[in-house]
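Here is what each chain is made of, one letter per residue.
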Amino acid sequence: MSASRAEAEEKVGSRQRLQVNEYKENQNIAYVSLRPLQTTVLGKTPMVCLVPFSLSTYKPDQLKCPKSLLDKNSNNEVACKKCKKAEIKKTSRKILTPKMEATSSKAESTLQKSSLDVHAESNKWQYKSTSDTVILSADTESSQDGDSDEGTTPGMPVKTTILLSVYVDLIVDDFSGLSPYEKKRLKNISENANFFASLQLSESAARLREMIKKRQPPESKRKKPKKKENETGCRRSMRLLKVDPSGVSLPATPTQPILVADENPLLPPGPLEMTSENRDDNSELFKGFLQTWAEVSKTRSKNTEKASSSIKSYKANLNGMIISEDTVYKVTKGPIFSMALHPSEVRTLVAAGARSGQVGLWDLTHQPKEDGVYIFQPHSQPVSCLYFSPANPAHLLSLSYDGTLRCGDFSRAVFEEVYRDERSSFSSFDFLAEDASTLIVGHWDGSMSLVDRRTPGTSCEKLINSSLSKIRTVHVHPVHRQYFITAGLRDIHIYDARCLNPSRSKPLISLTEHTKSIASAYFSPLTGNRVVTTCADCKLRIFDSSCISSKIPLLTTIRHNTITGRWLTRFQAVWDPKQEDCIIVGSMAHPRRVDIFHERGKWVHSFLGGECLASVCSINATHPTRYILAGGNSSGRIHVFMN
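Residues numbered from 1 in each chain as written. Predicted model: local features only at pLDDT ≥ 70, side-chain atom pairs only at ≥ 80, totals over all residues. Heavy atoms only, no water.

K.L.:
Any chance you could explain unusual backbone geometry here in plain terms?
P.N.:
Across the chain, the bulk of peptide bonds are trans and the bulk of non-glycine residues have phi less than zero. With an omega of -5°, the peptide bond running from Gln367 to Pro368 counts as cis. Along the polypeptide, Pro368 turns up in the loop between β7 (359–363) and β8 (373–376). In this structure, the amide linkage connecting His590 to the following residue, Pro591, adopts the cis form with an omega of -10°. With respect to the helices and strands, Pro591 occurs in the loop between β26 (579–586) and β27 (593–598). Positive phi values are uncommon outside glycine, yet Ala413 reaches one of about 55°. By relative accessible area, Ala413 is classed as partly exposed at 24%. Residues other than glycine seldom take positive phi values, yet Cys538 does so here, at roughly 65°. Mapped onto the fold, Cys538 is located in the loop between β22 (530–535) and β23 (539–544). On the basis of relative accessibility, which here comes to 17%, the residue Cys538 falls in the buried class. (Helix = DSSP H or I, 4+ residues; strand = E, 2+ residues; numbered from the N terminus. Buried < 20%, exposed > 50% of the residue type's maximum accessible area, 1.4 Å probe, protein only.)

This is the structure in structure tokens:
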């Protein structure tokens, strides 16, 4: 009987071997679990009862052995195994960091739930041998020694990682009756705990808190050196200390109100003597200058109608016009706002109105050229419009922003006052009658004035409110003189002087094709069948005004750069009185020039002066019968092209 029993034990021992399982779901965490084969001891299967427990509140004496019907040997083996588990749990509890306690508590709750389910099926569990437990304990101890750190997580202690792996593996081995899902779930819990431990979040948070709380040392204030008693102090002004050189304090000066002088005071009303600012009034040159102007005005040319020549002959005459150093000179102070050429056939006389209120006269036939320039100050603000009287060329009419319209009579050497309105500012004017007896004056505020020079004094016959908010230029039709055209900010209106209403006058025709600010609008000089406008949208527009009806058609649009900026006088395209189908306008192109275009939009000619013309001529004027062109720039210089 004993022999047969010994043979059975040998068979059992031969079959008893160690099985090694490797779990490779996560390649970053590799561990080995030592799991013995299920065996039977003494031919009996013990029953194990599991009770829920917690790692955080675990005590070694909590887990007590249940009452069992096993024999003494089996009780000893079970007690030995429980004691070994208690030691592993106690060690792992000491090594676990605070970061992993939250994860372990979550795993404990899962294990508690799983253990209750396993307790119901405890009859399926089998007992493990004492030798297996000893081997497992030895493997755990060898791992704790740190001989091999394979499968550990970077940044996590080696002992903690091995103990967690062994502990979870031990739990899985103990609960071999769990489903594959529960086993995989426990493995994931272990992997997550190792991952969060490797991040070292608590250490990083602690370091950040220390960095925030750490205060920078206060900057050490520089101590000011103490002044020595014998050291000499800084030198101070006696004038600022209000002390005289002897050391006696000066008496306080009485404070007086500061009077701010007007930059542009209005000149006194009434006639002004024609006194030159650059010449002596009693000099022989000045007297000879006045006499020359008076004689030239008497021998004016006859006002006969002259038809326009062909474009071919017109171009040939333009090619013969040249500029030289003798025909360039600075006449006024500041930018030129207006120009006019005397209609004399004998002498070349140019008049220019400046922003400073000056009126400069230049006789080009006088040599040297410096002796032929005379400057007067009839206004206190910019002179925006100049015309020689068509009835008496000895009269030069000038209009200014200061609200005055004066007539310079060279035969009497005086500037008479034609019209004055200190409450308004004038922008432009033109003659309604051919004998220059009546005028139309445009105001910057949009109103207009009808002035009759035949009335005594400087009275105004009518003050009319137009439909425009501002008026820049006013021009009368050369044939039908009851019509005149006004250029506003964006619109151009044509009025009938016979139908003006003092309260508000309605225009006959409105030209609304412009998209930006308008600079000027003029009728053609001989027939008035065309209207040329200059706009800030870089376009010159030509309209057909041969039949003034409810609508004036647009004939031509010429692309031309009209952006002069704030420092240059704005361009104003004007007609050539000798060739009324051609317009003259300044140019921003390089080299500097003055362009001439045909009414159909074709380029005709450009006046180039080389070194003599090195600036932009914004304002241009031409002689009514001779081929003479005068251009003024924004520094007061006049450039004259002539045959």
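Having seen the structure, we can now continue with the description.
K.L.:
Explain a nonpolar patch on the surface here, please?
P.N.:
Judged by side-chain polarity, Phe195, Phe196, Leu199 and Leu201 come together as a nonpolar surface patch covering roughly 390 Å² of accessible area. By residue number, the principal contributor to the nonpolar patch is helix α6 (residues 180–199), which donates 3 residues. Along the chain, Leu199 falls in helix α6. (Patch = residues over 30% accessible without salt bridge, like charges linked within 9 Å, V, L, I, M, F, W, Y side chains within 5 Å. Areas by Shrake-Rupley, 256 points an atom, 1.4 Å probe, with all protein chains shown as cover. Salt bridge = Lys/Arg side-chain N within 4 Å of Asp/Glu carboxyl O.)

K.L.:
When you look at the sheet that holds strand β6 (residues 349–354) in this model, what are you seeing that I'm missing?
P.N.:
Within a sheet, adjacent strands bond to each other through the backbone by hydrogen bonds, running parallel or antiparallel. Read across the open sheet, the 4 strands follow the order β5-β6-β7-β8; overall the sheet is antiparallel. Strands at the two margins of the open sheet, each flanked by one partner only, are β5 (336–341) and β8. For this sheet the average axis-to-axis angle between neighbouring strands, irrespective of direction, equals 20°. Bridge count between β6 and β7: 5 bridges; the pairing is antiparallel. Pairing of Gly353 across the sheet is with Val359, part of β7. (Pairing = 2+ DSSP bridges. Axes fitted to C-alpha atoms, helices over the stretch in contact; angles between N-to-C directions.)

K.L.:
How should the side chain of Arg472 be read in this particular structure?
P.N.:
Within the element layout of this structure, Arg472 appears in the loop between β16 (462–465) and β17 (473–476). Side-chain polar atoms of Arg472 contact the backbone oxygen of Ile518, separated by 2.9 Å. When near neighbours in sequence (up to four residues on either side) are disregarded, Arg472 contacts Ser427, Ser428, Trp444, Ala487, Gly488, Leu489, Ser517, Ile518, Ala519 and Arg570. (Polar contact = N/O pair within 3.5 Å; in protein donor to acceptor, adjacent residues only side chain to side chain. Contact = heavy atoms within 4.5 Å.)

K.L.:
Looking at this model, I keep getting lost on the sheet that holds β17. Mind explaining?
P.N.:
What the 4 strands build is an open sheet, ordered β17-β18-β19-β20; its pairing is antiparallel. In this open sheet, the two strands that pair with only one neighbour each are β17 and β20 (509–511). Shown here is a sheet whose adjacent strand axes are inclined to one another by a mean of 20°, direction ignored.

K.L.:
Sorry if this is basic, but what is going on with the pattern of salt bridges here?
P.N.:
Should their charged atoms come close, side chains of opposite charge can pair. This structure, assessed with the given rule, holds 14 salt bridges. In this structure, the salt-bridge partner of Asp363 is Arg347, at a minimum N-O distance of 2.7 Å. Separated by 16 residues along the polypeptide, Asp363 in strand β7 and Arg347 in the loop between β5 and β6 bring together distant segments of the chain. Take Asp363: its relative accessible area is 4%, and that puts it in the buried class. For Arg347, a relative accessible area of 22% gives the class partly exposed. The salt bridge involving Glu599 is made with Arg530; its shortest N-O contact spans 3.2 Å. On the criterion of sequence distance, the pair formed by Glu599 in the loop between β27 and β28 (603–608) and Arg530 in strand β22 is long-range, its members being 69 residues apart. Overlapping salt bridges bring together Arg406, Glu417, Arg420 and Glu422 as one network.

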